[in-house]
Each structure stands twice: as C-alpha cells, then as structure tokens.
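Below, each chain spelled out in residue letters.
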Amino acid sequence: MTTTAEGKMATADIAKLAIAGLLVLAGIAGYYYLSDSALILRVLAVLAGLIGGAVVAYFSTPGREFAVFAGEAVAEVKKVVWPTRKETIQTTAAVFAFVVVMAVFLWISDKTLEWVLYELVLGWKKT
C-alpha cells in the first residue's frame, strides 16, 4: 500500500475511494430518483453505481490489495476437502441424536430436582 511517512494512505488513494463511495451513493440515489420508472431501470442504476464504484476502487492501492487477497481466498477454498453427502448426513444425524439425548437428560434432571425440592424439602404436594 502506498503510504506517507506517518503511515497514512496516499491522497490519490483516498480520492479514488471517495469517488468510488460517491458512485455507489449515486447508484442508490438513482434508484429513488427513478421511482416512477420501471423496476429494471432502478435496479440497473444501483448495479451501475456498484460496478462503477468497484472499478474505481480497484484502481486504488487498497483495492488491488483486496483483489489479490480475494484471489488467494478463492484458491484456499478450492483446496478444502468438502465432506461427501453421506458424511454430511451422518454428522447431522449424530448432532440431532445428541440434541435429543441432552433434551431428555435435562428434562429428567429438571423433574428430579423439582421432585426433590417441592416434595422432599418443602413438603409441597401437587394437587
């Protein structure tokens, strides 16, 4: 990243990012300005603002660094070994079974503590 001696971003990069933000805001403003127009034109105004902002932001140093980071993230995701459908179903079933067992355990614990507290300690009988 291009920085000054104080570690701040270069003025050109700040200007580019500000222009990119203004383009996005212009696209959103266009959506409301075109409120009487067809929905497709309103959506295109927002998309044009987003795409224009992204293009301008890309030409800043932080924008290029982000693009490199995003590319590396995609490469890492491609390296992941994703579970098969069978493994996913088995894991989901195990989690579901554990939740049911814990629910029954907590219900039994609750009823036991209720019985001990109300019947034995306090002597209150349910009617």
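Structure first, text after, so check above.
These notes cover the structure that comes with them.

## What about the packing of aromatic side chains?
Think of a pair of aromatic rings as described by two things: how far the centres are apart, and how the planes are tilted against each other in angle. Evaluation of the coordinates by the stated rule reveals two aromatic pairs. Ring geometry for Tyr 31 against Tyr 32: centres 5.2 Å apart, planes inclined by 85 degrees, an arrangement best described as edge-to-face. By relative accessible area, which is 24% here, Tyr 31 ends up partly exposed. Lying over the aromatic face of Tyr 31, Arg 42 brings its terminal NZ or CZ to 4.1 Å of the ring centre.

## With respect to the pattern of salt bridges
Under the definition given, this model contains two salt bridges. The partner of Glu 76 in a salt bridge is Lys 79, and the shortest N-O contact between them spans 3.2 Å. A residue pair is termed a helical-turn pair when its members lie 3 or 4 positions apart in one helix, as Glu 76 and Lys 79 do in helix 3 (residues 61-79) at three residues. Taking relative accessible area as the criterion, Glu 76 reaches 45% and is therefore assigned partly exposed.

Each value, and the rule that gives it
- Residues numbered from 1 in each chain as written.
- Predicted model: local features only at pLDDT ≥ 70, side-chain atom pairs only at ≥ 80, totals over all residues.
- Heavy atoms only, no water.
- Phe/Tyr/Trp six-rings, centres within 6.5 Å; stacked < 30°, edge-to-face > 60°.
- Buried < 20%, exposed > 50% of the residue type's maximum accessible area, 1.4 Å probe, protein only.
- Lys NZ or Arg CZ within 6 Å of the ring centre and 35° of its normal.
- Salt bridge = Lys/Arg side-chain N within 4 Å of Asp/Glu carboxyl O.
- Helix = DSSP H or I, 4+ residues; strand = E, 2+ residues; numbered from the N terminus.

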